[in-house]
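Coordinates in review
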Amino acid sequence: GGATTSEQQRQRLAAAAAAQVLADALAATQELQELKLRVVEVITEARVPLLKLESAEGVAIDVSFSNILPLHNSRLLRCYAELDEQVQQLGRLVKWWAKQRQGNDA
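What you see as residue numbers is a count from 1 along each chain, following the sequence as written. In keeping with the model being predicted, local features are shown solely for residues with a pLDDT of at least 70 and side-chain atom pairs are shown and tallied solely at 80 or more, while totals for entire chains, interfaces and linings include all residues. For the side-chain quantities, the full set of heavy atoms in the structure was used; hydrogens and water were omitted.

**Digging into the overall build of the protein**
Tallying secondary structure elements over the protein gives 4 helices and 3 strands in all. Counting from the N terminus, the helices are DSSP H or I runs at least four residues long and the strands are E runs at least two residues long. Taken from N to C terminus, the helices and strands of the protein fall in the order α-α-β-β-β-α-α. Principal axes of the C-alpha set define a box for the protein whose edges measure 45 × 40 × 25 Å. Accessible area is worked out with a 1.4 Å probe on protein chains only. A residue is then buried under 20% of its type maximum, exposed over 50%, and partly exposed in between. Classification of the 106 residues of the protein by burial places 15% in the buried group. Restricting to contacts in the protein with at least 6 residues of sequence separation, those with at least 24 account for 32%. Counting every atom, the protein has about 8100 Å² of accessible surface; 56% of that belongs to carbon and sulfur. One finds the centroid of the 12 positive side-chain charges in the protein at a distance of 5 Å from the centroid of its 13 negative side-chain charges. Should any heavy atoms of two residues lie within 4.5 Å, those residues are counted as being in contact. Throughout, the Shrake-Rupley method with a 1.4 Å probe supplies accessible areas, and for residues the shown protein chains are the sole cover considered. In this tally, Lys and Arg are treated as positive and Asp and Glu as negative; His is ignored, and so are the chain termini. For charged residues, the charge sits on one atom: NZ in Lys, CZ in Arg, CG in Asp, CD in Glu.

**Structural notes on the pairing of strand E1 (residues 37-43)**
Here the rule is simple: two strands pair whenever DSSP picks up at least two bridges between them. As judged from the 6 bridges shared by E1 and strand E2 (residues 50-55), these two strands associate in the antiparallel manner. Bridging across to E2, Glu41 finds its partner in Lys52. In this antiparallel pair of consecutive strands, E1 and E2, the connection spans 6 residues.

**Quick look at the nonpolar core**
In these notes, a set of buried Ala, Val, Leu, Ile, Met, Phe, Trp, Tyr and Cys residues joined through side-chain atoms within 4.5 Å is what counts as a nonpolar core. Core analysis: the biggest nonpolar cluster contains 7 residues, these being Ala15, Ala19, Ala23, Leu26, Leu51, Leu53 and Phe65. Broken down by secondary-structure element, the contributors of at least two residues to this core are helix H1 (5-28) and E2. Ranked by the residues each element gives to this core, the list is headed by H1, at 4 residues. Once residues within four sequence positions are removed from consideration, Leu51 is found in contact with Ala19, Leu22, Ala23, Leu26, Val39, Glu41, Val42, Ile61, Asp62, Val63 and Phe65.

**A closer look at the sheet that holds E1**
Strand order in the open sheet formed by 3 strands is E1-E2-E3, with antiparallel pairing between adjacent strands. Both edges of this open sheet fall to E1 and strand E3 (60-64), since each of them pairs with a single strand only. Strand-to-strand twist in this sheet, taken as the mean axis angle between neighbours without regard to direction, amounts to 25 degrees. Summarising the sheet, E2 and E3 pair through 5 bridges and their orientation is antiparallel. In the sheet register, Leu51 faces E3, and the bridge partner there is Val63. Helix axes are fitted to C-alpha atoms over the stretch in contact, other axes to C-alpha atoms as well, and angles between N-to-C directions run from 0 to 180 degrees.

**Overview of the side chain of Arg12**
Its place among the elements puts Arg12 in helix H1. The buried charged residue Arg12 lacks any salt bridge, with Glu45 as its nearest oppositely charged partner at 4.3 Å. Contact partners of Arg12, with chain neighbours within four places excluded, come to Thr44, Glu45, Ala46, Arg47 and Pro49. Salt bridge, as applied in this entry: a Lys or Arg side-chain nitrogen positioned within 4 Å of an Asp or Glu carboxyl oxygen.

**Points about the pattern of salt bridges**
This model, assessed by the stated rule, comprises 4 salt bridges. For Arg38, the salt bridge is made with Glu54, and the minimal N-O distance between the two is 3.2 Å. On the criterion of sequence distance, the pair formed by Arg38 in strand E1 and Glu54 in strand E2 is long-range, its members being 16 residues apart. With its nearest N and O atoms 4.0 Å apart, the salt bridge here joins Glu82 to Arg78.

Listed below in structure tokens is the structure:
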């Protein structure tokens, strides 16, 4: 069976706290500041807490907590990208195109 409602709430609260702790650490820790990641938004009230970051190069990065599906998706995309460098280029092109069309994070 799945987690009880109170257990799910506890997990969500823990994930929200983790998102905030990471955001604070990125701002306050010298070693993490060297990563040159800017905290765009910390979303703690969502069903899946999210930390939205941006790299120095302008790449949008979303870090989700207590949600493993994006981890599997990222691993799959990395495997595709390792097959051929053109897959990486295609991925960047699709992300750029989607961002231009939607006017938000792609």
